[in-house]
Amino acid sequence: MGIRFTVLASGSTGNATIVQTDEATILVDAGLSAKKLEGLMKERGVSGQDIDGIFVTHEHSDHIKGLGAFARKHDLPVYANEATWHALDKHVGQIADQKRFIVPTGGIVEFGELRVESYPISHDAAEPVGYCFQDGDYKLSLVTDLGYVSDKVKRAVEDSDVMVLESNHDIGMLRMGRYPWNIKRRILSDIGHLSNEAAGEAVCELMTDRTKRVYLAHLSLDHNLMELARVTVNSIMEDHGIFFKRDECFLNHTYHDRPTPWDEVRKK
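Residues numbered from 1 in each chain as written. Predicted model: local features only at pLDDT ≥ 70, side-chain atom pairs only at ≥ 80, totals over all residues. Heavy atoms only, no water.

### Re the environment of His169
Step number 1: Of note, His169 is situated in the loop between strand E11 (162-166) and helix H6 (171-176).
Step number 2: Separated by 19 residues in sequence, His169 and Leu188 have C-alpha atoms that sit 9.2 Å apart.
Step number 3: Contacts of His169, omitting those with residues within four sequence positions, involve Leu174, Ile187, Leu188, His193, Leu194, Ser195, Asn196, Glu197, His223 and Asn224.
Step number 4: Within the local environment of His169, its side chain forms a polar contact with the side chain of Asn168, the two groups lying 3.0 Å apart. (Helix = DSSP H or I, 4+ residues; strand = E, 2+ residues; numbered from the N terminus. Contact = heavy atoms within 4.5 Å. Polar contact = N/O pair within 3.5 Å; in protein donor to acceptor, adjacent residues only side chain to side chain.)

This is the structure in C-alpha cells:
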C-alpha cells in the first residue's frame with residue numbers, strides 16, 4: 001500500500017492527521033475533542049483502537065485539545081520531544097509513564113518499514129517540530145505552523161512525494177482584520193505562520209521532480225479563503241515558470257471541519 005493519509009482537520013480550530021501503512025496507523029496531533037476526533041476518524045473508516053501512536057508537533061491547544069482524553073481512552077503511546085512534554089503536562093492530564101515516549105528533535109521512530117522523523121521548525125512554542133514519513137521510496141512531509149522555511153526544513157522535506165504545507169493567511173486580509181496588532185505581528189513574524197505568498201515561494205523552493213501533490217493547510221478562518229490561497233500559490237508558481245494542467249490537481253484543499261479523502265502517496 002505504501003503510505004496513505006487523510007488530514008482529519010486543519011486550522012486554528014483544530015488539527016489532526018492520520019498517516020497509515022500496512023504496518024501502522026499514526027495520528028499526528030489531536031487538536032479537537034476526543035469525541036470530534038472519533039467522529040472524523042469514523043468518516044474515514046478508522047477507530048481509536050487502530051491507532052499505534054500519537055505524535056505531537058507542539059503544545060498549542062489547536063494541536064493537543066483532545067490529546068489526553070483520546071490517549072487515555074484508547075491506551076495509546078504518545079511521542080514528543082522533552083521540551084514539548086514539559087509544556088504539555090499542565091494541559092493534557094495524566095498519561096502513564098509507560099505511554100510517554102521522548103523523541104529528540106531529529107529523532108526517528110520506526111514502525112516496521114515506516115520511518116517517522118521529526119525536524120525543527122520556527123514557531124512560538126517550546127520546541128516545535130514537523131514530521132516526515134517514509135516507507136521505502138515514498139515520502140510524505142507535514143510542514144505547518146512555521147514562521148519561515150529554514151534551511152533545516154528544506155533539508156528535512158527534500159524529495160517529498162507529497163507535502164501538507166501551511167498557507168495560513170492573506171497578508172492584506174490579516175492587516176485589515178480584527179485581531180489586535182500584537183497578535184498580527186506575531187503571526188507575521190518568523191515564529192508565526194506562513195502567508196499564502198510565503199507558501200507559494202516555499203512550494204517553488206521545496207518541490208522536486210518527485211513532488212506529486214501539495215495540500216494547502218492551516219488556513220485562517222478570519223484571514224484567508226481556500227480559493228485565494230490556491231490562486232496565490234499557483235500564481236507564484238507560474239511566475240517561477242512552474243505550470244500544471246487543471247486536471248493534474250497539484251494543489252489540494254484541506255478543511256477545518258471535515259477530513260480530506262484518503263490519498264496514496266505513491267499515486268501519480
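### Thoughts on the pattern of salt bridges
When their charged atoms lie close together, side chains carrying opposite charge are able to pair.
Step number 1: Under the definition given, this model contains 13 salt bridges.
Step number 2: Ionic pairing is found between Lys73 and Glu38, a salt bridge with its closest N-O pair at 3.1 Å. Linking Lys73 in helix H3 (residues 67-74) with Glu38 in helix H1 (residues 34-43), this pair joins segments that are 35 residues apart in sequence.
Step number 3: Glu38 sits in the partly exposed class, given a relative accessible area of 23%.
Step number 4: Ionic contacts of the salt-bridge type, sharing partners, join the residues Asp151, Lys154 and Glu205 into one network. (Salt bridge = Lys/Arg side-chain N within 4 Å of Asp/Glu carboxyl O. Buried < 20%, exposed > 50% of the residue type's maximum accessible area, 1.4 Å probe, protein only.)

### Section: the sheet that holds strand E9 (residues 129-135)
Step number 1: Spatially, 7 strands are ordered E7-E8-E9-E10-E11-E12-E13 in an open sheet, and the strand pairing comes out mixed. Pairing within the sheet leaves two strands with one partner each, and these edge strands are strand E7 (108-111) and strand E13 (251-252).
Step number 2: Sheet analysis places E9 next to strand E10 (residues 138-143), joined by 5 bridges and oriented antiparallel. In the strand pairing of E10, Phe133 is matched with Leu140.
Step number 3: In the packing of helix H8 (residues 196-206) onto the sheet, the strands contacted are E11 and strand E12 (213-217), and the crossing angle to E11 comes to about 155 degrees. (Pairing = 2+ DSSP bridges. Axes fitted to C-alpha atoms, helices over the stretch in contact; angles between N-to-C directions.)

### Some remarks on the nonpolar core
Step number 1: By size, the foremost hydrophobic cluster in this structure holds 29 residues, and its most contacted members are Tyr119, Val157, Leu165, Val203, Val214, Leu216 and Met237.
Step number 2: For this core, the secondary-structure elements that each account for two or more residues are helix H5 (151-157), E11, H8, E12 and helix H9 (226-239).
Step number 3: By size, the runner-up hydrophobic cluster in this structure holds 26 residues, among which are Ala16, Phe70, Trp85 and Leu88. (Core = buried A, V, L, I, M, F, W, Y, C linked by side-chain atoms within 4.5 Å.)

### A closer look at the layout of surface pockets
Step number 1: In this structure, the second largest pocket spans a volume of roughly 250 Å³.
Step number 2: Along its surface, the second largest pocket is lined by 19 residues, and Ser12, Asn168, Arg186, Ile187 and His193 are the ones closest to its centre.
Step number 3: With 3 residues, the single largest contributor to the lining of the second largest pocket is helix H7 (residues 181-188).
Step number 4: Residue classes in the lining of the second largest pocket are distributed as 5 nonpolar, 10 polar and 4 charged. (1 Å grid on protein atoms, 1.4 Å probe; cavity = no way out; pocket = protein on both sides within 12 Å on 5 of 7 lines; lining within 4 Å. Points joined across faces, edges and corners; volume = space filled by probe spheres on them. Nonpolar A, V, L, I, M, F, W, Y, C, P; charged D, E, K, R; others polar.)

### A closer look at the pairing of E7
Step number 1: On E7, burial follows the alternation: Val109 and Phe111 on one face are buried, whereas Ile108 and Glu110 on the facing-out side are not.
Step number 2: Bridge count for E7 against strand E8 (residues 114-120) is 4 bridges, and the pairing is antiparallel. In the sheet register, Ile108 faces E8, and the bridge partner there is Glu117.

### Some thoughts on the environment of Leu8
Step number 1: Mapping Leu8 onto the fold places it in strand E1 (residues 4-9).
Step number 2: On the basis of relative accessibility, which here comes to 0%, the residue Leu8 falls in the buried class.
Step number 3: C-alpha separation for the pair Leu8 and Leu27, spaced 19 residues apart in sequence, amounts to 9.7 Å.
Step number 4: Beyond its immediate chain neighbours, meaning those up to four positions away, Leu8 contacts Ala16, Thr17, Ile18, Leu27, Leu37, Leu40, Met41, Arg258 and Pro259.

### Quick notes on the packing of H1 against H3
Step number 1: Two elements in contact, H1 and H3, have axes whose closest approach is 8 Å; the angle formed by their N-to-C orientations is 65 degrees. Judged on the interaxial angle alone, H3 and H1 are roughly perpendicular. Counted together, Ala34, Leu37, Glu38 and Met41 of H1 and Ala69, Phe70, Lys73 and His74 of H3 form the full contact between these two elements.
Step number 2: Taken together, the residues of the contact of H1 with H3 break down into 5 nonpolar, 1 polar and 2 charged. (Parallel < 35°, antiparallel > 145°, perpendicular 65-115°, else oblique.)

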